[in-house]
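An overview of the molecular structure
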Amino acid sequence: MTTNRQWLVDASPRGRALELTDFKYNEETMMPLGKGEVRVKVEVLSFEPSQKGQIEVIAGYSSGAAIGNVMGARGVGEVMESSDSRFSAGDKVLGPLGWQEFATLQGDSLQALSDDRFLTAHLGPLGAQGLTAYFGLLRIGQPEPGDTVVVSGAAGAVGSVAGQIARINGCKVIGTAGGPDKCGAIINEFGFDAAIDYKNENVKAALKEHCVGGVDVFFDNVGGPVLNDVLSRIASRARVVICGGISRYEQESLPAGPANYFNVVFRQARIEGFLLSGYEKEYPVALDRLKGWIESGDLIYKEDIQQGFDNIPATLKRLFIGANFGKQLLRM
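Residues numbered from 1 in each chain as written. Predicted model: local features only at pLDDT ≥ 70, side-chain atom pairs only at ≥ 80, totals over all residues. Heavy atoms only, no water.

1. Describing the pattern of salt bridges
Applying the stated criterion to the full structure yields 18 salt bridges. Measuring nitrogen to oxygen at the nearest pair gives 3.6 Å for the salt bridge that ties Lys317 to Glu19. Taken together, the residues span a long stretch of sequence, with Lys317 in helix 9 (residues 312-318) and Glu19 in the loop between strand 1 (3-9) and strand 2 (23-29) at a distance of 298 residues. Classification of Lys317 as partly exposed rests on a relative accessible area of 26%. Judged by its relative accessible area of 35%, Glu19 is partly exposed. Between Glu48 and Lys327 there is a salt bridge whose closest N-O contact spans 2.7 Å. One end of the pair, Glu48, is in the loop between strand 3 (37-46) and helix 1 (50-56); the other, Lys327, is in strand 15 (residues 327-331), with 279 residues separating them in the sequence. For the residue pair Glu48 and Lys327, the accessibility class agrees, reading buried in each case. (Salt bridge = Lys/Arg side-chain N within 4 Å of Asp/Glu carboxyl O. Helix = DSSP H or I, 4+ residues; strand = E, 2+ residues; numbered from the N terminus. Buried < 20%, exposed > 50% of the residue type's maximum accessible area, 1.4 Å probe, protein only.)

Written as structure tokens, this is what we have:
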């Protein structure tokens, strides 16, 4: 039998920074396939901030992973053997492969993919990140041509797509990101109208400069001080979309609420959070539009690809120190 190398959950990082010691190396002997099972050689893994929540067991947001289990992750791989007639050796598939060299899963949990230039895009703009940006902006944010849209975490996998969709829909788009390189890419590659470097600029003053008439839509991936600064600049009947809050993911206690929250009353604005669940029937149309924008060059995406099985835990940590630029992936 072939030996399978794995990374197991070894501790919960709830209320603190993620550590490499939260994961433990393991080897297992693979058994023969059961009925309906498919064995996949993992080729590319996807990394998202919600994976920290996964091992913190945050009910209602992401499924928990018990200590001793293989760390969960979506990935793309190649079928090695199959007892499911829908899959054959050599097929490329997408599924919850986890942090391991080989994943053995029921075929129902896998999606067949074409082995083309969009293969890894199914882990980013043609996957959960792209769909999150699409529905969060268009259904919750409801931008109209001429609106001023601000996106926090705009260099990330979700924020970069959300901002570009706003641009495609005729909006003025301002993004926040950390550092001149990311801010330069937001403007020069993604086509935003302006970028605010939250590490080196006064965000509140920059918003006043770039959003003279106020912020009509705020797509927030960060929370914290940036959310508070934007709430001070919202326009009448603004829509604030709460997508993520990476600024609080490693804090031991929850931060105080935004000091400017009452501006929501004065401006008759709306703050709304959302999850992808409930939009499943609309996925095909959304994915067709996203793919069309990529093919036309209207939507650009970046991938930050790390290398090697041994580097898997460190690659997740990159998300929480701002080291990644674009969709964080690892190629085995």
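2. Considerations on unusual backbone geometry
In this model, Arg237 sits at a positive phi of 60 degrees, which is unusual for a non-glycine residue. As for its placement among the helices and strands, Arg237 is situated in strand 12 (residues 234-242). The class of Arg237 is exposed, set by a relative accessible area of 51%.

3. Digging into the packing of helix 2 (residues 128-141) against helix 3 (residues 157-168)
Between helix 2 and helix 3, the least distance of the axes is 8 Å, while the angle of their chain directions is 45 degrees. For the element pair helix 2 / helix 3, the angle class is oblique. Considering the relative orientation of helix 2 and helix 3, their crossing is right-handed. Taken together, the residues of helix 3 that come into contact with helix 2 (itself represented by Gln129, Gly130, Thr132, Ala133, Tyr134, Leu137 and Leu138) are Ala157, Val158, Val161, Ala162, Ile165 and Ala166. (Axes fitted to C-alpha atoms, helices over the stretch in contact; angles between N-to-C directions. Parallel < 35°, antiparallel > 145°, perpendicular 65-115°, else oblique. Left-handed = near helix turned anticlockwise from the far one by under 90°. Contact = heavy atoms within 4.5 Å.)

4. Describing the side chain of Gln306
Topologically, Gln306 is positioned in strand 14 (residues 303-307). Residues within four places of Gln306 in sequence aside, it is in contact with Asn311, Thr315, Arg318, Gln328, Leu329, Leu330 and Arg331.

5. Side note on the sheet that holds strand 10 (residues 194-197)
If you trace the 6 strands from one edge of the open sheet to the other, you get 10-9-8-11-12-13, paired in parallel fashion. Of all the strands in the sheet, the pair left with one neighbour each is strand 10 and strand 13 (270-273). Adjacent strand axes in the sheet meet at a mean angle of 15 degrees, parallel and antiparallel pairs treated alike. When strand 8 (residues 148-151) meets strand 9 (residues 172-177), the two strands line up parallel, connected through 4 bridges. Across the sheet, residue Val149 finds its bridge partner in strand 9, namely Val173. (Pairing = 2+ DSSP bridges.)

Honestly, that's just the spatial picture; any functional story needs more than this.
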